[in-house]
Each structure stands twice: as C-alpha cells, then as structure tokens.
There are 2 protein chains.
Amino acid sequence: MKPTLQAVADAVGVSRSTVSNAYSRPDQLSTALRERILDAARQLGYPGPNPTARSLRRGFVGSIGVLFTSQLSYAFTDPFAISFLTGVSGAAERHGTSMLLVPLPPAQTDARRAVENAAVDGFCVYCVADEEWALDVIRARGLPYVSTAPRDDAGADERYVGIDERAAARSVAAHVAGLGHRRVALLADAVLPDAPAGPVTLSGAHEAWHPTTRGRLAGFADAFAEVGVDWAELTLVNALGNSRQAAAAAVAGLFDGPVPPTAVLAGSDILALGVLDALAQRPGGTNPPVSVTGFDDIPEAASAGLTTVRQPAEEKGRIAAELLLDPPADAAAGHVLLPTALVVRASTGPVPRS
Amino acid sequence: MKPTLQAVADAVGVSRSTVSNAYSRPDQLSTALRERILDAARQLGYPGPNPTARSLRRGFVGSIGVLFTSQLSYAFTDPFAISFLTGVSGAAERHGTSMLLVPLPPAQTDARRAVENAAVDGFCVYCVADEEWALDVIRARGLPYVSTAPRDDAGADERYVGIDERAAARSVAAHVAGLGHRRVALLADAVLPDAPAGPVTLSGAHEAWHPTTRGRLAGFADAFAEVGVDWAELTLVNALGNSRQAAAAAVAGLFDGPVPPTAVLAGSDILALGVLDALAQRPGGTNPPVSVTGFDDIPEAASAGLTTVRQPAEEKGRIAAELLLDPPADAAAGHVLLPTALVVRASTGPVPRS
DNA sequence: GATTCAGTCTGAATCGATACAGAGAGGTGC
DNA sequence: GCACCTCTCTGTATCGATTCAGACTGAATC
C-alpha cells in the first residue's frame, strides 16, 4: 500500500491539513515544519497528494479534452489535424494544462459514455462529422467547450474558432472558373452518411452531411453560378474517407466518359493529392491536363504544386485552446473567424482546347 | 449546481447504491427500476457519474499518460514522434483507454510536479533525453510504465520496447565505410547538455548525454573501427535541437576546411535532411558530393532519397501501449526489441576521387 | 410448513484529499 | 495590563461516487 497523506501526518505528528498545506500552500505553515513534513514524506515514499482525490475535492482536473469524432488513430495521419494538435499543445503547455485525447468507440452509446467519463475541465471539439450528441453530453456535464466546426444552430454564447468556409471555397472555385473550366467535378469525403464511392446526386450543397462540407460545396457552387454553371451541371463525387486512396478510388472512371471534367475541386488537400495520384496512374497520363485544387494547404501541398486555400491550422488549435483556457470576458470575442488565402500553384491551368 | 447521484436517488426514492448500480452494474437491479432511474436522471439533467469521484473510489482512471521529455509541442513536429503516437493511440483506442499528453515545464521541480499530478494509470515514456527523475516519480507513485529509451540500469522487470541502437547504427555506418569513406563526420542532437553547435570532442561514444545517442554513436564507431578508422579520427558535430535548421547550422563551415568530410552520418533523419539542406545551399553546390545518412526512415526520407535505417515507429508505439495496457505474464516478454533495416537510397555513394 | 435460494435493494464504510472557521501562542500598541 | 493582531496549526465537513455485507421478498424444493 502506498502511504497516504494521513500516513505522513501521523509520522510527523501533525494534522492532515498541515501536510496538505505543506504541498499546496507553503505560506500556511512555518518553513521548518514544512521541511520536516517533506522529509518524512520522502522517507515514507509518499509521492505527493493523489491527483484524483485532489481533483475531486478541488473541483477541477487540470486537463482539457480533445475530441475527434473520427478515429483518434486516424487523426494522427491527417496533417491538418496534426497542425491543429500542435497549436492546442502549445497553448496547453503555456498554460500548464494536460491534454486528454479521448478515442470514441464506433458505437454511439459507447462513444457517449466515453465523453461522459472523460476527466477534463473542458473540451476542444475538432469535429469532422455530425457532432451534436457530443456537444449535448458536454453541455449536460456543464463543461465549457470550443468547437471548430460551423454549426447551424450555434448559440451566440458558444465559443467557436473557424474560417468562412463558404467564402474560402468560393475563392478557389472562382480561380478555376476564371481559367475557363465549366465541366467540373466536386470531390468530398462522406457527402452523405451511406453514399457509395463515386458520383452522387444532391439537390444542393445544403444536403451534404458535414457542416464543413456543406459550406465548402456551397462556396464552390457560388463561384460557378456566377459564370452561369448551375449546381445540376456540376458532378459531385463522394469519397469513402479522407485519404489519398479513398480519393483515387472515388475518381476512378471519372475521366473515362465522353465529356470528362476538366477540373476537380476537392474538399481537402488529402483528397486532391489522391486525385493527382489517380491522374498520374492513368494510362493516358495527364494529357489532357486536369486542373485539381485542394483545401487547407497542408505541407505536402506545396511540394505537390497543389493549388489550394490556406487556413492557419496551428493557429486554429492555439486559439481553440486559448478560448477554452482563458475565456474572453466579451462573449463576442469567443467567436473567432480566421483569415484564409488562395494559394495558386501548378495544379491548375487553363482549359485545354480539345 | 449540477445534480449528483444522490439527487437522482432522492427523486426516484431509492438509495444511492441503486442509482450507482443502474449505471455500472445493470444486472444488479430490475430492468424496470433501471429505466425509471435513467429517465429521472435524464429529466434532472444528471450527466452520469462524476468521472473523478468514480476514479477515486475505483482506484483507476482509465487513461494512460504519454511523456515526452522534450517539449510537447515539439513532439508534434517530429514525424517519428507522430508515428509513435499513432501507434499508441491505435492501441489505446482498441483498449478503450484515453491518452493524457502531459507537457513538462522547463523547470525540473515543476516538471516533477506535473508527473506527480497526472491522473493516469500508467505511463508510456518516450524519452529523448535524461529521464531518470521522471521514472523515479512514476515508480514512487507505484504506477506501471513502459520506456522506449535504452537505459543502462534497467531492471530486469522493467518493461521496454526499442531497437538495438548500436547494431542498427553500425549497419548504416558499415555501408558508408564500404563505399570507401574514411573522413567522416557524425552529427547528433544535444551530444552534451551544454555543448555549442558545431564540432565537439568526446573521448568516446559513451560520454554522450542521451542513451540513444550513446548507442548510435557507438555503432557508428564500431563500423569504422573495423576498417581502421578510430574514434579520434571521426569528427563529432553537435546540433542544438533535432531540426533541419539546427542541423544546417551545426554543419555550417564543416565543409570549408582543407580536408572536408566526404560523408556525414546523422543521428536522425531530420538532422540528415538538414545536412542536405545545408549542402544544397552551398555556393559550390553538391560538388564534390557528400554522402549523408539518417536514422528512423521517416516518410520524408524516401522522397529525399535519404539512405537511412528503418525502425518500425508506429509499431513501437503500439507495443509500448500494449505492454502497458495488458502486461505479459512472463517478465521476459516485457522486453521487446524490434527489427531494423538498412535502407540504401541515393544520398550515399562512393567517395569521389579528388 | 420449514428450508433454501435467487433476485433486489439498502446502509454504512470508504476512496484521499482540500476548505474553512477557529483555537492557541506570542507579540504590539497604548 | 488589556485589547488586538498575526502566525501556525487543528478539526470537521465535504467533494461524488463505489463497495460489500446483509436485509427483505417471493418462489421453488422437500
């Protein structure tokens, strides 16, 4: 049995309170006694106050949870998620707070339980999919949280950090439209919960599953509507996951028809890279060239020459954690929109004349 | 005030125990009553048993700590660390366990405190530097741990997962020696706690600060000793940090002397990439060519054409977590050595004739 | 009809600490 | 000499649950 605080108290012949004070409030007792207590503790092998008991009594834990609604182990393979985590960890570090990464089991009930059982003082919710249930649990627990996904029904007092998805998407689509592209495919991950890989039909961007996807597709559509190409003329393609492989699989066959798209706008850089992979693998090679765009501007995008929209990933994480760790007095300041920038590289070009 | 378990008990008119059982041991009460309790809880907005109180009583937390002795936010920039984390997270996920990432403040006392205060059931200690103090704290707390850095005084019962650093280093050095290189520089991060960037002198590999560095340098030395080049003839170069920039800064001027090294063996891929950066920047370009090797085989190594030693990073993380989460009955099985492989790419070649 | 047993539910003890009001001792000011 | 502080330290209540031995109920067994 590990010794408890009581054991130390007994050994020194003081009260429990005093030993507690020796650790947590050195100003509440004489230096001499404090030394004596700390020595005794060392001798007994007392490792300091039990963190759990302390948290229970104090009412806070000293760590924040980070929630990925996709698989936790997947998150580590996503460069954007990693940048986000880097930002969070920097802020946590400065604040002396630990980060609890909570894996969510596939079954909803278990996942709820996981969020209910997380010993944290608040959550950074990095959500890629439908998340309402998680936020419900967090609110029920009375814990503060910061979300990064746009939500349709966000309360005014809800802390949030994100970008203007729609405007950002529009900017890259406008670039592509400006190059003359009119036969265009839009590629996104999990457009609908159960859609198969490949082309899918939606009556509009608003029908997409993820809020993020909704925003981006709407932005893409905006830009093309402006040049007279309406939603029905755009080909929407679904990928089963945010990975190069999934993207490549999704666009397989896309270019084999009589009037293949001349451009593919992807909802993420990862997907765009997968499209480039698929194009590189084609027997015909990349002739005629197909313009491809991504979203996020992850490090790999630069070396791949991918045209994309940059969003400050690390800063997003940093700000999310800071909003959580020291909330602004002004509620309006809890709602942060970060700037984005169109980054034009070699992966987009004018429509080839056929 | 959030309702407590007691409040639910009062509302339904049953004892606290029964409500507790409704959540944790459904077989201990009738289904009807359980439903009634759960309904009442929902109505009252009771979010389920308080995780901290539960942990205190049960004696375990349901999460494992991951300890980086370097900065936590740095870890996210190191591809090897990320792969390791991916492995850990996969295992944690399968086990239904959360991961607590504990940032360590720069001051030793604060860092101790951080380890003492972490609410976890055990630690995966991913250590790049001197770590004894952390292990001391963990042992004092009576918590299990798995370490990944070779330790000179490891107890037989200590769980460990790693590679044969020395043999692995020797294999890549032997490859370089086999190509005829005799004027060789060894580059490592933080060779000594306070060494400046650039060449440093050590009387032997055993004097290096980090256990990992000790092993790798010794392996390098082994291979060259075999072809008649002894330690004193090797140039040891210190980098201030494991980053491309630090490596580039460390080798600045290294090739300006009358008899520059024809090869640089780096202690990590990151450092090796930094050396390549530095070489690419030289006015003379890469002529005569300098052979460069790394260590780890991170993803970037392949695209950079870097000769290196592969070690299974993700598996290292996975196994570390598994050793922690379900310890093998057999103590010997708690000591795992993973295989490594020499990966020869374009960054090494025969000594140029001058 | 007594015994046994499974199925439900309860009560008290416990996990390991912290908070806070207050008790004593010793020193100051007037 | 008395009131008033300040400095240390103590005792009790409390944080929010889980555990476990046992009480009760009703049905089955002999």
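For the structure, see preceding data.
Now for a look at the structure at hand. Predicted model, so just to flag it, every value in this text is computed and none were measured. (Residues numbered from 1 in each chain as written. Chains lettered and ligands numbered in written order. Predicted model: local features only at pLDDT ≥ 70, side-chain atom pairs only at ≥ 80, totals over all residues. Heavy atoms only, no water.)

Looking only at helices and strands, chain A has 14 helices and 13 strands in total. Computed over C-alpha atoms, the radius of gyration of chain A comes to 26 Å, more than 25% over the 20 Å expected from 2.2 N^0.38 for 354 residues, which places it beyond the range of a compact globule. With respect to the three principal axes, the spread of C-alpha positions in chain A is 95 × 40 × 35 Å. Per-residue burial for chain A yields a buried fraction of 55% across its 354 residues. Looking at chain A alone, contacts between residues at least 24 apart form 68% of all its contacts between residues at least 6 apart. For chain A, the exposed area adds up to about 15,200 Å²; of that, 52% sits on carbon and sulfur atoms. One way to put it: in chain A the 29 positive side-chain charges average out to a point 6 Å from where the 37 negative ones average out. (Helix = DSSP H or I, 4+ residues; strand = E, 2+ residues; numbered from the N terminus. Rg over C-alpha atoms; globule rule 2.2 N^0.38 Å. Buried < 20%, exposed > 50% of the residue type's maximum accessible area, 1.4 Å probe, protein only. Contact = heavy atoms within 4.5 Å. Areas by Shrake-Rupley, 256 points an atom, 1.4 Å probe, with all protein chains shown as cover. Lys, Arg positive; Asp, Glu negative; His and termini not counted. Charge placed at Lys NZ, Arg CZ, Asp CG, Glu CD.)

Position of Arg-141 of chain A relative to the elements: it lies in helix α8 (residues 132–141). Among buried Asp, Glu, Lys and Arg side chains, Arg-141 of chain A stands out as unpaired, with Asp-121 of chain A the closest opposite charge at 7.6 Å. A polar contact of 2.7 Å, which involves the side chain of Arg-141 of chain A, links it to the backbone oxygen of Val-115 of chain A. Not counting residues within four places of it along the chain, the set of residues in contact with Arg-141 of chain A comprises Val-115, Glu-116, Asn-117, Ala-118, Val-120 and Phe-123 of chain A together with Lys-2, Pro-47 and Pro-51 of chain B. (Salt bridge = Lys/Arg side-chain N within 4 Å of Asp/Glu carboxyl O. Polar contact = N/O pair within 3.5 Å; in protein donor to acceptor, adjacent residues only side chain to side chain.)

This brings us to the protein's contact with DNA strand D. Around DNA strand D, a shell composed of 27 residues is seen, among which Ser-17, Thr-18 and Arg-57 of chain A together with Leu-5 and Ser-20 of chain B lie nearest. For DNA strand D, the fraction of atoms within 4 Å of the protein that belong to sugar or phosphate moieties is 59%. Contacts to DNA strand D include Thr-18 of chain A, whose side-chain N or O atom sits 2.5 Å from a phosphate oxygen. Between DNA strand D and the protein, one listed contact pairs a phosphate oxygen with a backbone N or O atom of Asn-50 of chain B at 2.7 Å. When residues of the surface near DNA strand D are traced back to their parent elements, those giving at least two are α2 (16–24) and α4 (51–58) of chain A together with α2 (16–24) and α4 (51–58) of chain B. Element by element, the count of residues in the surface near DNA strand D is highest for α4 of chain B, at five residues. Counted by class, the surface near DNA strand D contains nine nonpolar, 11 polar and seven charged residues. (Near = heavy atom within 4 Å. Nonpolar A, V, L, I, M, F, W, Y, C, P; charged D, E, K, R; others polar.)

Here the focus is the interface of chain B and chain A. At the junction of the two partners, chain B supplies 40 residues and chain A supplies 40 residues. Contact between chain B and chain A buries roughly 3,300 Å² in total, counting both sides, with carbon and sulfur atoms accounting for 63%. Three residues, Thr-52, Phe-76 and Glu-93 of chain B, lead the burial of chain B against chain A; their summed loss comes to 18% of the area buried on that side. Counting across the interface, chain B meets chain A through eight residue pairs in polar contact (both at pLDDT 80 or more). Of all the elements in the fold, those that place two or more residues in the side of chain B that touches chain A are α4, α5 (72–75), α6 (79–95), β2 (98–102), α7 (108–117) and α8 (132–141) of chain B. The element best represented in the side of chain B that touches chain A is α6 of chain B, accounting for seven residues. Looking at the side of chain B that touches chain A, its residues break down into 19 nonpolar, 14 polar and seven charged. The pairing of strand β2 (residues 98–102) of chain A with β2 of chain B spans three bridges and is antiparallel. Across the sheet, Leu-100 of chain A pairs through a bridge with Leu-100 of chain B, a residue of β2 of chain B. (Buried area = accessible area lost by both parts, 1.4 Å probe. Pairing = 2+ DSSP bridges.)

Residue and element names in this part refer to chain A. Read from one edge to the other, the open sheet built from five strands follows the order β7-β8-β6-β9-β10, with strand pairing classed as mixed. Each edge of the open sheet is held by one strand with a lone partner, namely β7 (198–200) and β10 (291–293). Each adjacent strand pair in this sheet contributes to an overall mean axis angle of 30°, direction not counted. Alignment of β7 against strand β8 (residues 235–239), held across three bridges, turns out to be antiparallel. Note on β8: the bridge partner recorded for Gly-198 is Asn-238. (Axes fitted to C-alpha atoms, helices over the stretch in contact; angles between N-to-C directions.)

A few words on the protein's contact with DNA strand C. Around DNA strand C there are 27 residues in total, and Leu-5 and Ser-20 of chain A together with Ser-17, Thr-18 and Arg-57 of chain B lie nearest to it. Counting only the atoms of DNA strand C that lie within 4 Å of the protein, the sugar and phosphate share comes to 59%. One of the side-chain nitrogen or oxygen atoms of Arg-57 of chain B is found 2.6 Å away from a base oxygen of DNA strand C. For the surface near DNA strand C, the secondary structure elements donating two or more residues are α2 and α4 of chain A together with α2 and α4 of chain B. Considering every element that reaches the surface near DNA strand C, the biggest residue donor is α4 of chain A, with five residues. Across the surface near DNA strand C, the residue classes break down as nine nonpolar, 11 polar and seven charged.

Let us look at the environment of Pro-211 of chain A. Residue position: Pro-211 of chain A is located in helix α10 (residues 211–226). Note: C-alpha distance between Pro-211 of chain A and Pro-150 of chain A (61 residues apart in sequence) is 6.0 Å.

By themselves these figures say nothing about function.
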